[in-house]
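Residue-level listing of the chains:
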Protein chains: 2
Amino acid sequence: MNADREEIAAVYSGGEQGGKEEATQAYTAVRRGASDETNAAPRSNSPLRIVALGGLGEIGINCMAYEYGDDLILVDAGLMFPDADMPGVDYVIPDFSWLRERADKLRGILLTHGHEDHIGALPFLLREFPAPIYGTALTLGILEGKLLEYKVEADLNPVKPRDTVTLGSFQVEFIRVAHSVVDGCALAIRSPEGVVIHTGDFKLDQTPVDGEVTDLATFARYGDQGVLALLSDSTNVEREGYTISERYVGEALSDLFPKCKGRIIVAAFSSNIHRVQQVADVAAASGRKVLLNGRSMIANVRIARQLGYLKISDDLLMDIRELPHIPREQVCMITTGSQGEPLSALSRIAMDDHKQIKLEKGDTVILSSRYIPGNERTISELINHLYRRGADVHHEKVSEVHVSGHASQEELKLMMNITRPRFFLPIHGEYRHLVLHRRLAMKVGIPEERCLLAINGEVVNFYNETACIEETVETGRVFVDGKGVGDVGEVVLKDRRHLSEDGMVLVILGVNQHTGEFIYGPEIVSRGFVFEDESQAYLQTAREMVREALKELSVEFLADRDEVRQIVRQTLKRFFKKSIERRPMVLPVILEM
Amino acid sequence: MNADREEIAAVYSGGEQGGKEEATQAYTAVRRGASDETNAAPRSNSPLRIVALGGLGEIGINCMAYEYGDDLILVDAGLMFPDADMPGVDYVIPDFSWLRERADKLRGILLTHGHEDHIGALPFLLREFPAPIYGTALTLGILEGKLLEYKVEADLNPVKPRDTVTLGSFQVEFIRVAHSVVDGCALAIRSPEGVVIHTGDFKLDQTPVDGEVTDLATFARYGDQGVLALLSDSTNVEREGYTISERYVGEALSDLFPKCKGRIIVAAFSSNIHRVQQVADVAAASGRKVLLNGRSMIANVRIARQLGYLKISDDLLMDIRELPHIPREQVCMITTGSQGEPLSALSRIAMDDHKQIKLEKGDTVILSSRYIPGNERTISELINHLYRRGADVHHEKVSEVHVSGHASQEELKLMMNITRPRFFLPIHGEYRHLVLHRRLAMKVGIPEERCLLAINGEVVNFYNETACIEETVETGRVFVDGKGVGDVGEVVLKDRRHLSEDGMVLVILGVNQHTGEFIYGPEIVSRGFVFEDESQAYLQTAREMVREALKELSVEFLADRDEVRQIVRQTLKRFFKKSIERRPMVLPVILEM
């Protein structure tokens, strides 16, 4: 093994930068030491296969499968909120087809933390694949609320950091990490092939609000024993330096609150319990009572208080019915809606559409959250509306009222150096984050050929200290719409996208159900296309074109309804494109009469 | 006048901050000096009315009207690109209804600079309101290209900075300002009521690429003589400090280019001639030839070179046909498409869909432009695709490859202090920018009641050194779609928005054209709604509901087609909402048979 590593390092160390060569040799030297230790993994019989069903190539729907022999475990099962080009979809979850084929191997599901993009798909997953769930207390607390809503039962097993869970050939240790939700963990997943460190979402916060720092000692212990692969959080890889501590927000709020004369509304993510703690503490210090608003905010605060993660005294909290009786400068509302979501409480307040809560000049609104990419417009609109109400608005682009929960470059490099993995695989990011994170790994000296890159569906195969990516399995997205799952599939979604672009034109033809003869139409009805009253002549031309096209068809052809639809569609699409450069959806409707 | 000002200042100087009081007094003292000078405006007979047809409350469609007696001038006439909730619209222009009512008063249109949001609506405006246009050479050069495209004639009058133009009661001096397009100007608009400074878009760049600094001397001259009102650019009011110089980008590119081993593609806004100049210079210095790409890039570069604004030697430029023969490290392409616009050259290159230009590992793409709000997703996708092609990507969030063209807070305050206006009116911004800019004006000491705030349509009325906003006129947006103007009006647009959300359901009823009796249907056809093959039972239920609802109608009711449509619509909308929480568009189609 030593010779291999030296050889490979030598081959690749004549790389682009001189520094890289030195770094590689230093790295190799360190690893050489590790392989001599007695905890080296015994030669195993089976490969360890790791495949992402979601999360590699997008930020959301995180779901990673680890397979060894007859045992399979999943790490996380999250959801994602739809793009603008997925109209009418409520959310997106991973396609579990691959899992379906090997459902009997599923030993358990491990959760890193309680964010929607890590646990949101579980209600759907568990309906079909009931399996024991392992996670920290708050993570399971947040999950329980969802399961209740979907009326799904589950076998929930709470763990503490540094607990180890055995699932078939796997032993998994939970390792405390700091993040923007309390009780987050990384996982050290041991199989006969070796130990894989799966970081989950993390940062290195040296002054976390609850005092629970990222457990570097445990990571270092694994690093000393030998880590086969590190799978690490790529979200903030574009940011240099370190991510600021969560406590910094509390300080910024402490400076800000005393300057506010009227009511204060703080919008935050309901899962960010530390943020809520800080706001509550600053509110108390400024003589303000706290009003909670938003279903998930109230739910998460309740769970967190029950489990002892959030300390807010009962007399600090107020009910909305007390609101009219409390002086404005004694009110601090903590609410959801920071992304400008339509119909959220904050949006309605901003539009002056909320029955009980009105904003006045002198009130302050603090958006203590990040601009999730894609939401810039709705947040911008929200801010404009808040200003129209006369409020003052603070948000991350003008005040230090939010910090990220993900590690920046220096922390990511530290994680690599402390775990000293043989292989590196970036996770939790869009394609560019994965590419950049891989480059970062090469910078600290992990040899290029061991810095892997995989996207959803690509199976990373580890066997006897080698790794390869040779196989791709079926993965995809399932759209959840209204009360169903998969009710709105790719086909329907394409229709909708088409509709919104260029409107639609219906072509109604009536056919004699006995003779097959065309006896009615073509009648043309349009929506979202041209003004009907101004374009009768134009539609008349379109009708003529269809009649002509159908006249030329043979009898057999006419009998085939699908063929007729095709002809009508083609004829009109060409016509519209040529004459007015539009591409409305053409919908032939053939009625048997 | 002196007494008035002192009195007002005294009343308002007991304001929120002690510093404000001093500032107000200092300000008043300076103004007092100004009013004693001989250039004080003579008492006039008419009010000066200023109203925005666009640009106050949004970033885009800038168009400001100045009216005095029988004379009317317009400053700029821009367009805006559509939101996600304006599907199928190509762009948006101001509604000129108000102008239509007083078209005979229009003496001329003055242009501050050549950006789309200041000149884009002119082809449409000029078709209906031919009026002489005044602007600098490059501004008119860019405009000429558009007019040619739309086949619109115009009376174009090029001016130089410090030229004065007389239009009826108005004398307008053009004042050089620095911005992200060359040849931008502010306007000093004099009428018998006084002088109004209209800044247009500006920054104070102390090292502009062409050496043409913002002409502070002229602004100061007006300040000394007495300025009635300052209308100033609010875009960057949320940014503290100063905006970095354009030259800084050139330095960043100089550092970056030598490190690039393969081809370099720089995406930039075609109107940013200085940016193009710097890229070309750095390319030349690195031994690279320049390939221009994108219709507007090629057009604007041609105009700028012709007018002498851009200096690129012919042998620096290459043709796309030479591309295969030139070593990769000698190529620098300058292209449009920085916003990830679908079908743009850069998007196609990123998707590996461009016939002549392929990216390889080692190539570098520099997005030397800003993230226009609303485009974060498309730009993000673009970057991911570029990484998939193996390219390295630099953009404003990770490199210093772009700077803003708009003044930050310190420059905005300087403009106020140097023009010392009696009144302040923020322009060119969303609502929150206008609010914050007004507050900034109060900070430098302009008395609160003279810091005005208006949105589109609100008429600011100046008369004998007083100002009031008492009237609102009709303004709005017109949607340009395909080849027409206003072809897609509000009605049609609402249809489209509706369609994209929840799909649509057609209900087809056949009625005997002689007896009025219902003889066919209801046939239900859906698109973008539910899978047809899985939901026949459901649609059957829907059909039954409609039959029941129609059975109960009286004969006279049935004769009224509109009433029938209403009933059908209501019945089904309620049904869908209740049963599956969906709101598809319901389209009753009644066929006479």
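Residues numbered from 1 in each chain as written. Chains lettered and ligands numbered in written order. Predicted model: local features only at pLDDT ≥ 70, side-chain atom pairs only at ≥ 80, totals over all residues. Heavy atoms only, no water.

Student: What is the right way to read the packing of aromatic side chains from this model?
Tutor: Any aromatic ring pair is given by two values, namely how distant the centres are and how the planes are angled relative to each other. Counted according to the given criterion, the structure contains 8 aromatic pairs over all chains. With 6.3 Å between their ring centres and 75° between their planes, F96(A) and F129(A) make a pair best called edge-to-face. Residue F96(A) is found in the loop between strand 5 (91-94) and helix 3 (97-100), and its partner F129(A) is found in the loop between helix 5 (122-128) and strand 7 (133-136); the two are separated by 33 residues along the sequence. As far as the burial class goes, F96(A) and F129(A) line up, both buried. Ring centres of F575(B) and F576(B) lie 5.4 Å apart, and the angle between their planes is 50°; on these two criteria the pair is classed as tilted. Taken individually, F575(B) and F576(B) each receive the classification buried, so the pair is uniform in this respect. The ring of Y371(A) carries K397(A) above its face, with NZ or CZ at 4.2 Å from the centroid. (Phe/Tyr/Trp six-rings, centres within 6.5 Å; stacked < 30°, edge-to-face > 60°. Helix = DSSP H or I, 4+ residues; strand = E, 2+ residues; numbered from the N terminus. Buried < 20%, exposed > 50% of the residue type's maximum accessible area, 1.4 Å probe, protein only. Lys NZ or Arg CZ within 6 Å of the ring centre and 35° of its normal.)

Student: Just checking my understanding: could you explain the sheet that holds strand 18 (residues 364-367) of chain A for this structure?
Tutor: In any sheet, the strands associate via hydrogen bonds between backbone groups, in a parallel or an antiparallel arrangement. Residues and elements named next belong to chain A. The sheet built from 6 strands is open, its strands ordered 16-15-17-14-18-19 with parallel pairing. Edge strands, defined here as strands with exactly one partner in the open sheet, are strand 16 (317-318) and strand 19 (392-395). One ladder, built from 5 bridges, connects strand 15 (residues 289-293) with strand 17 (residues 331-335); its direction is parallel. Residue pairing in the sheet places L292 in a bridge with I334 of strand 17. Helix-sheet contacts for helix 9 (residues 273-285) involve strand 14 (264-267), strand 15 and strand 17, and the interaxial angle to strand 17 is about 175°. (Pairing = 2+ DSSP bridges. Contact = heavy atoms within 4.5 Å. Axes fitted to C-alpha atoms, helices over the stretch in contact; angles between N-to-C directions.)

Student: How do you make sense of the pairing of strand 20 (residues 421-427) of chain B when you look at a structure like this?
Tutor: The two faces of a sheet get side chains in turn, since along a regular strand they alternate between them. Residues and elements named next belong to chain B. Counting buried residues in strand 20 gives 7 out of 7 residues, a clear majority hidden from the surface. As judged from the 6 bridges shared by strand 13 (residues 227-233) and strand 20, these two strands associate in the parallel manner. For L231, the partnering residue across the bridge sits in strand 20 and is L425.

Student: Before we go on, may I ask you to explain the packing of helix 6 (residues 137-150) of chain B against helix 10 (residues 295-306) of chain B in this structure?
Tutor: Relative placement of two packed helices is described by the angle separating their axes and the distance separating the axes. Residue and element names in this part refer to chain B. The N-to-C vectors of helix 6 and helix 10 enclose an angle of 135°; their axes lie 9 Å apart at closest approach. Taken together, helix 6 and helix 10 sit at an angle that is classed as oblique. As for the relative orientation of helix 6 and helix 10, their crossing is right-handed in sense. Side by side, helix 6 and helix 10 meet where L138, G141, I142 and E149 of the first sit next to R295, N300, I303 and A304 of the second. Tallied by class, the residues present in the contact of helix 6 with helix 10 amount to 4 nonpolar, 2 polar and 2 charged. (Parallel < 35°, antiparallel > 145°, perpendicular 65-115°, else oblique. Left-handed = near helix turned anticlockwise from the far one by under 90°. Nonpolar A, V, L, I, M, F, W, Y, C, P; charged D, E, K, R; others polar.)

Student: Looking at this model, I keep getting lost on the side chain of S232(A). Mind explaining?
Tutor: Secondary-structure assignment places S232(A) in strand 13 (residues 227-233). Setting aside chain neighbours within four positions, we find S232(A) in contact with T199(A), F202(A), L412(A), F424(A), L425(A), P426(A), I427(A) and H437(A).

Student: Before we go on, may I ask you to explain the sheet that holds strand 23 (residues 466-472) of chain B in this structure?
Tutor: Residue and element names in this part refer to chain B. Read across the open sheet, the 8 strands follow the order 8-7-6-4-3-1-22-23; overall the sheet is mixed. Looking along the sheet, the strands with just one partner apiece sit at the ends: strand 8 (156-159) and strand 23. Ignoring strand direction, the axes of neighbouring strands in this sheet form an average angle of 25°. Contacts from helix 6 reach strand 7 (133-136) and strand 8 within the one sheet, and its direction differs from that of strand 7 by about 125°.

Student: Explain the environment of M64(A) to me, please; I cannot follow it from the model alone.
Tutor: All names here are of chain A. Tracing the backbone shows M64 in strand 3 (residues 63-68). Note on M64: relative accessible area 4%, which makes it buried. Along the backbone, M64 and H198 are 134 residues apart, and their C-alpha atoms lie at a distance of 9.7 Å. Contacts of M64, omitting those with residues within four sequence positions, involve I50, V51, A52, L56, I73, L74, V75, D76, H198, L231 and I427.

Student: Got a minute to help me understand the domain arrangement of chain A in this structure?
Tutor: It is common to report an interface's size as the accessible area lost on association of the parts. Residues and elements named next belong to chain A. For chain A, the assigned domains are domain 1 (48-241 + 405-484), domain 2 (246-394) and domain 3 (503-592). Each partner contributes residues to the interface: domain 1 has 16 residues there, and domain 2 has 14 residues. Approximately 1,400 Å² of surface area, both sides summed, lies buried where domain 1 meets domain 2, with 60% of it carried by carbon and sulfur atoms. Among the residues domain 1 hides against domain 2, the three largest losses belong to L138, V182 and V209. Together they make up 40% of the total. At the boundary of domain 1 and domain 2, one finds 1 salt bridge. Salt-bridge contacts for R295 lead to E149; the nearest nitrogen and oxygen are separated by 3.8 Å. Taken together, the connections running from domain 1 to domain 2 amount to 6 residue pairs in polar contact (both at pLDDT 80 or more). Considered class by class, the residues forming the side of domain 1 that touches domain 2 number 7 nonpolar, 4 polar and 5 charged. (Domains from an automatic or database assignment. Buried area = accessible area lost by both parts, 1.4 Å probe. Salt bridge = Lys/Arg side-chain N within 4 Å of Asp/Glu carboxyl O. Polar contact = N/O pair within 3.5 Å; in protein donor to acceptor, adjacent residues only side chain to side chain.)

Student: Can you help me understand the pairing of strand 23 (residues 466-472) of chain A in this one?
Tutor: Residue and element names in this part refer to chain A. In terms of strand pairing, strand 22 (residues 458-463) meets strand 23 through 6 bridges, oriented antiparallel. Bridge assignment links V460 to a residue of strand 23, and that residue is I469. Adjacent in sequence and paired antiparallel, strand 22 and strand 23 are bridged by 2 residues, among which N464 carries a positive phi angle near 50°.

Student: Is there a simple way to explain the layout of surface pockets in this structure?
Tutor: To find leftover empty space, one rolls a probe the size of a water molecule over the atoms. Approximately 1,700 Å³ is the volume attributed to the second largest pocket. Contributing to the lining of the second largest pocket are 40 residues, with L436(A), R439(A), K443(A), D392(B) and H394(B) lying nearest its centre. Secondary-structure elements contributing two or more residues to the lining of the second largest pocket are helix 14 (431-443) of chain A together with helix 8 (247-256), helix 12 (376-388) and strand 19 (392-395) of chain B. Partitioned by chemical class, the residues of the lining of the second largest pocket number 15 nonpolar, 8 polar and 17 charged. (1 Å grid on protein atoms, 1.4 Å probe; cavity = no way out; pocket = protein on both sides within 12 Å on 5 of 7 lines; lining within 4 Å. Points joined across faces, edges and corners; volume = space filled by probe spheres on them.)

Student: Looking at this structure, I do not really get helix 14 (residues 431-444) of chain B. What am I missing?
Tutor: A turn of α-helix holds 3.6 residues, and therefore any two residues three or four places apart point the same way. Residue and element names in this part refer to chain B. Spanning 14 residues, helix 14 covers 21 Å between terminal C-alpha atoms, matching the ideal 20 Å at 1.5 Å per step. Counting buried positions along helix 14 gives 11 out of 14 residues, so the element sits mostly inside the fold. For helix 14, the full list of buried residues reads Y431, R432, H433, L434, V435, L436, H437, L440, A441, M442 and V444. (Expected span 1.5 Å × (residues − 1).)

Student: Help me out: how do you make sense of the nonpolar core in this one?
Tutor: Inside soluble globular proteins, nonpolar side chains tend to come together where they are buried. Counting residues in hydrophobic clusters, the biggest one holds 64 residues, and the most contacted among them are I109(A), L122(A), L125(A) and F257(A). Top contributing element to this core by residue count: helix 9 of chain A, with 6 residues. Residues lining this core come from more than one domain, with at least three contributed by each of domain 1 (48-241 + 405-484) and domain 2 (246-394) of chain A. Filtering out sequence-adjacent residues up to four positions away, F257(A) remains in contact with I264(A), V266(A), V279(A), V282(A), A283(A), S286(A), R288(A), C332(A) and I366(A). Membership of the second largest hydrophobic core comes to 63 residues, among which are C260(B), A283(B), L316(B) and C332(B). (Core = buried A, V, L, I, M, F, W, Y, C linked by side-chain atoms within 4.5 Å.)

Student: What's the story with the confidence of the model for chain A in this structure? I'm lost.
Tutor: The predicted coordinates of low-pLDDT regions are not to be read in fine detail. Residues and elements named next belong to chain A. Taken over all residues, the pLDDT of chain A has a mean of 84, while the share at 70 or more is 81%. pLDDT under 50 marks residues 1-24. Its contacts with residues more than four places away, or in other chains, come to 28 contacts. Here residues 482-500 scores under 50 on pLDDT; set against residues more than four positions off or in separate chains, the count is 58 contacts. Taken over the whole predicted complex, pTM reads 0.75, whereas the ipTM for its chain interfaces reads 0.72. (pLDDT = per-residue confidence, 0-100.)

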